[in-house]
Amino acid sequence: MAEVLLKDIDKVYPGNVKVVFKNNIEVKDKEFVVFVGPSGCGKSTTLRMIAGLEDITAGDLFIDGVRMNDVAPKDRDIAMVFQNYALYPHMTVFDNMAFGLKIRKFSKEEIKKRVDDAAGILHIENLLDRKPKALSGGQRQRVAMGRAIVRKPKVFLFDEPLSNLDAKLRVTMRAEISRLHQRLQTTMIYVTHDQVEAMTMADKIVVMYNGHIQQIASPLELYNNPANKFVAGFIGSPPMNFINVKIVEEGGKIVAKHNDFTITPTAKQQAALKSYVGKEVIFGIRPEDIYEDNSSSDRIKATIDVVEPLGADQHLYLSTSDGSQLIARVDPKVVCKPGEVKELAVSVEKSHYFDPVPSVSSTGKSEEKCIV
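Residues numbered from 1 in each chain as written. Predicted model: local features only at pLDDT ≥ 70, side-chain atom pairs only at ≥ 80, totals over all residues. Heavy atoms only, no water.

Draft legend 1. Layout of the packing of helix H2 (residues 93-103) against helix H3 (residues 108-122). Put simply, H2 and H3 touch, their axes get as near as 10 Å, and they point 135° apart. The orientation of H2 relative to H3 falls into the category oblique. Both H2 and H3 take part in a crossing whose hand is right-handed. For the pair H2 and H3, contact is made by Phe 94, Met 97, Ala 98, Leu 101 and Lys 102 and by Ile 111, Lys 112, Arg 114, Val 115, Ala 118 and Ala 119, respectively. By residue class, the composition of the contact of H2 with H3 is 8 nonpolar, no polar and 3 charged. (Axes fitted to C-alpha atoms, helices over the stretch in contact; angles between N-to-C directions. Helix = DSSP H or I, 4+ residues; strand = E, 2+ residues; numbered from the N terminus. Parallel < 35°, antiparallel > 145°, perpendicular 65-115°, else oblique. Left-handed = near helix turned anticlockwise from the far one by under 90°. Contact = heavy atoms within 4.5 Å. Nonpolar A, V, L, I, M, F, W, Y, C, P; charged D, E, K, R; others polar.)

Structure (structure tokens):
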């Protein structure tokens, strides 16, 4: 068992600078959980509190049911992989991986077995005699992970481990870490600002912003049912489009009106929007849910600013008459050119509506909630 539980965790720095507010997170045994959010949202601070590298101001941290607030980092049975790898430059790869075991007085035979096993898992057996300066960024990252694996900890912690790698290598290492989790079957907590990493790797994602947890859910749940406008805009690439519309009643139906077009919500959406008649709300639609279909009655009208051909599809950057910016992901066969006014259909059943007036919780969390 290696369950991690955070209960009402606060972090306050001197000068009453609050960076984490009443965070409650449950990481189940063998689960891969990703903390994601923009820089400064508190995700790395939360990870460092789990590791014991930052003191917890208030709340309780449990690992396997044992309260860890006052337990030294070395006694928490966790291993951490850092962004800058933190390898000893004067030591070989073998010695870097073996160092923690030597400190703990493991036998030479056990150390060799563990290092060889980890090197085999990570395909770095031929690098054990080299020093870090002779390694590429990806190889150094594997060594850092190997140093964690040999410990056989209850929990692995990763603090933005791929941010120093180039784009192609990041994709490769994402798959490597996912395979590592499947093979080791252990609990992993991973911090990143990259929502693509979060979506492709996690069993469960914790979305953070300004020190507050915005939503905790599986990748698909976050994508399809965001709790608020921040989550909707942060998860997904390209991000969700947002357009201000007015909710009005026409001919017994509730519709969303814009200067350039009118959209008829689904029956479920109409029921949820009934109390917003006469008010402005935010209409949200993902780029892939905007497409060419001249037979659809629910279409948006906008001017094409930029066309980005990507092979399998193309991205259209558009502007409405009120200055709203949109991105549509359409079939590459659709003929488009900058300056053209285009009417594109929208998948109404996949759209969302958000309250433009933020609600504020007792902890100070402010959010533009998803109405439906």
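Draft legend 2. Quick look at the sheet that holds strand S3 (residues 32-36). Here 6 strands make up an open sheet; going across it, the order is S6-S7-S8-S3-S9-S10 and the pairing mixed. A single partner strand is all that each edge strand has here, and the edge strands are strand S6 (78-81) and strand S10 (212-217). Strand-to-strand twist of the sheet, defined as the mean angle between neighbouring strand axes without regard to direction, takes the value 15°. Along the sheet face, helix H5 (residues 167-184) touches S3, strand S7 (155-159) and strand S8 (187-192) and points at about 165° away from the line of S8. (Pairing = 2+ DSSP bridges.)

Draft legend 3. Structural context of the nonpolar core. Counting residues in hydrophobic clusters, the biggest one holds 47 residues, and the most contacted among them are Val 36, Met 97, Met 145, Phe 158, Ile 177, Tyr 190 and Ile 235. Ranked by residues supplied to this core, first place goes to H3 with 6 residues. Every residue in contact with Tyr 190, bar those within four places of it in the chain, is listed here: Phe 32, Val 33, Val 34, Phe 35, Phe 158, Pro 161, Leu 162, Ile 177, Glu 197 and Met 201. Within the second largest apolar cluster, 28 residues are counted, among which are Ile 247, Leu 316, Leu 318 and Leu 326. (Core = buried A, V, L, I, M, F, W, Y, C linked by side-chain atoms within 4.5 Å. Buried < 20%, exposed > 50% of the residue type's maximum accessible area, 1.4 Å probe, protein only.)

Draft legend 4. A look at the layout of surface pockets. Estimates place the volume of the largest pocket at around 530 Å³. Mapped by element, the contributors of at least two residues to the lining of the largest pocket are S6, H2 and helix H4 (137-149). In terms of residues, the lining of the largest pocket owes the most to one element, H2, which gives 4 residues. Of the residues in the lining of the largest pocket, the class split is 15 nonpolar, 1 polar and 4 charged. Estimates place the volume of the second largest pocket at around 180 Å³. Around the second largest pocket, the lining residues are Asn 224, Asn 225, Pro 226, Thr 266, Lys 268, Gln 269, Glu 349, Lys 350, Ser 351, His 352, Cys 370 and Val 372. (1 Å grid on protein atoms, 1.4 Å probe; cavity = no way out; pocket = protein on both sides within 12 Å on 5 of 7 lines; lining within 4 Å. Points joined across faces, edges and corners; volume = space filled by probe spheres on them.)

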